[in-house]
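Architecture and fold: a report
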Amino acid sequence: MKVLVVEDEPELLRSISTYLRNEGNVVETANDFPSAMDKISVNGYDVVLVDITMPKGNGLDIVKSLRSEQPTTGIIIISAKGALDDKVKGLELGADDYLAKPFHLPELVARLHALDRRKRFKGNKAIELDELRIIPEDRVVEVHGAHVDLTATQFDLLLFLVANRDRVLSRSAIVEHVWGDHAEAMDHHDFLYTHVKNLRKKLTERGWHDRIKTVYGIGYRLSTGS
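Residues numbered from 1 in each chain as written. Predicted model: local features only at pLDDT ≥ 70, side-chain atom pairs only at ≥ 80, totals over all residues. Heavy atoms only, no water.

1. Thoughts on the side chain of Asp51
The following threshold applies: In DSSP terms, a helix is any run of H or I states spanning at least four residues, a strand is any run of E spanning at least two, and both are numbered starting from the N terminus. In this scheme, a residue with accessible area under 20% of its type's maximum is buried, one over 50% is exposed, and one in between is partly exposed, where area comes from a 1.4 Å probe on protein chains only. Think of a polar contact as two N or O atoms within 3.5 Å of one another; within protein, one of them needs to be a possible hydrogen donor and the other a possible acceptor, and neighboring residues in sequence only count if both atoms come from side chains. Residues count as neighbours in contact if any of their non-hydrogen atoms are within 4.5 Å of one another.
Counting through the fold element by element, Asp51 comes out in the loop between strand E3 (47-50) and strand E4 (53-54). Its relative accessible area of 3% is what places Asp51 among the buried residues. One polar contact links Asp51 to Lys101, side chain to side chain, over a distance of 3.0 Å. If near-sequence neighbours (up to four positions away) are discounted, Asp51 is found in contact with Val6, Glu7, Asp8, Gly59, Ile78, Ser79 and Lys101.

Structure below.
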């Protein structure tokens, strides 16, 4: 999933982002209010982790803005503040969860996965589309019950397409979601075409009916129709 971590403590920010990346997520970071708002204004995220107290602003204002501008984005408040009114205020503004510091990183990942299932996949641990089966938490893909060996990038690409099935996704939207901050340095046309081609090949070799449609001049759509 694509995650934005908003945290002003350098060591904690580094620990969280490194751990989440090692778990296979695309992670972007912001260490103050203005940089967080800049990223939110131009990018979409599956989940945003927000510290309440930060330089040049308040995390609760980020929660309020996110819930207004990106209503489907998951929001988890991470804060050392233990006061009940901070937690209540954050949840009232639209946060989905609250995690008090200090916390264990595996617990954070578990909260992220649970929230992502609720938001994108209606609470289902496994996603099934005809002969295709995906288990996001385990990063497992099967076709007709047989394991398909995908790279991390191919898995993220497939999951994004499935999560947005029957929607036309622009090349830039796909690249920004799957590659995050690295997207600006890439040629969206050539390298994305190669990744989609290789993904299709691995799935169809296992007997998958190819549902990834090229929308010429725009991008791709994973269709559930015949």
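Anyway, onward from the coordinates.
2. Some points on the packing of aromatic side chains
This is how the line gets drawn: Within 6.5 Å between ring centres, the rings of Phe, Tyr and Trp (the latter by its six-membered ring) count as paired, and their orientation is classed by plane angle as stacked under 30 degrees, edge-to-face over 60, tilted in between. Working rule: Lys NZ or Arg CZ, within 6 Å of ring centre, within 35 degrees of ring normal, means a charge sits over the ring.
Under the defined criterion, the tally for this structure stands at zero aromatic pairs. Above the ring of Tyr45, the side-chain terminus of Lys2 is found at 5.2 Å from the ring centroid.

3. A closer look at the pattern of salt bridges
To be explicit about the condition: Each salt bridge in this description consists of a side-chain nitrogen of Lys or Arg and a carboxyl oxygen of Asp or Glu lying within 4 Å of one another.
Inspection of the entire model under this criterion finds 16 salt bridges. As a salt-bridge pair, Glu28 and Lys39 come within 4.0 Å of each other at their nearest N and O atoms. Here Glu28, found in strand E2 (residues 26-30), pairs with Lys39, found in helix H2 (residues 33-42); they are eleven residues apart in sequence, far enough to count as distant. The exposure class of Glu28 is buried, given its relative accessible area of 1%. Here the residues in one salt-bridge network are Glu7, Glu9, Asp51 and Lys101, joined through shared partners.

4. Looking at the sheet that holds E3
Put simply, the test is: In this scheme, strands are said to pair when DSSP sees at least two bridges between them. Fitted lines through C-alpha atoms serve as axes, helices being fitted only where they are in contact, and the angles separating the N-to-C directions of these axes extend from 0 to 180 degrees.
Strand order in the open sheet formed by five strands is E2-E1-E3-E6-E7, with parallel pairing between adjacent strands. Looking at strand neighbours, the two that pair on one side only are E2 and strand E7 (97-100), the edges of this open sheet. Each neighbouring strand pair of the sheet contributes to a mean axis angle of 20°, computed without reference to strand direction. Where strand E1 (residues 2-6) and E3 come together, four bridges link them in parallel fashion. Its bridge partner lying in E3, Val3 is registered against Val47.

5. Things to note about the sheet that holds strand E8 (residues 127-129)
Pairing between the strands of a sheet comes from backbone hydrogen bonds, and it takes one of two forms, parallel or antiparallel. Read across the sheet, four strands follow the order E8-E9-E10-E11 without closing on themselves; strand pairing throughout is antiparallel. Two strands close off the open sheet at either side, each with one partner strand: E8 and strand E11 (146-147). Of the pairings in the sheet, the one linking strand E10 (residues 140-143) to E11 comprises two bridges and is antiparallel in character. Residue pairing for E11: Glu142 is matched across the bridge by His147. Against the sheet, helix H6 (residues 152-163) makes contact with E8, strand E9 (132-135) and E10, and its axis sits at roughly 110° relative to E9, the strand it touches most.

6. Observations concerning the nonpolar core
Cut-off, in case you're wondering: Here, the term nonpolar core denotes a set of buried Ala, Val, Leu, Ile, Met, Phe, Trp, Tyr and Cys residues that are joined through side-chain atoms within 4.5 Å.
If you look at the biggest cluster of nonpolar residues, it comprises 30 residues, and the most contacted ones within it are Leu132, Ile134, Val141, Leu158, Ile174 and Leu203. Mapped by element, the contributors of at least two residues to this core are E8, E9, E10, H6, helix H7 (171-179), helix H8 (188-205) and strand E14 (219-222). No other element matches the seven residues that H6 contributes to this core. In this view, Leu132 contacts Ile127, Val141, Glu142, Val143, Leu158, Val162, Leu203 and Trp208; residues no more than four positions away in its chain are not counted.

7. Some points on the environment of Leu105
By the secondary structure assignment, Leu105 is in helix H5 (residues 105-121). With 44 residues separating them in the primary sequence, Leu105 and Asp61 have C-alpha atoms 25 Å apart. In contact with Leu105, other than residues within four places in its own chain, are Ser15, Ile16 and Tyr19.

8. Comments concerning helix H1 (residues 10-22)
Quick reminder of the rule: What a helix should span is 1.5 Å times the count of its residues minus one. This arc describes the spread of directions from the helix axis toward the C-beta atoms.
Between its first and last C-alpha, H1 extends 18 Å over 13 residues, near the 18 Å set by a 1.5 Å rise per residue. Of all the positions in H1, only Leu13, Ile16, Ser17 and Leu20 are classed as buried. Down the axis of H1, the buried side of the element spans an arc of 90°, and every buried residue falls inside it. Within H1, the exposed residues directed more than 90 degrees away from the buried face are Glu11 and Asn22. The secondary structure elements touched by the buried residues of H1 are E1, E2, E3, strand E6 (74-79) and H5. Once H1 ends, the next one or two residues include Gly24, with phi positive near 95°.

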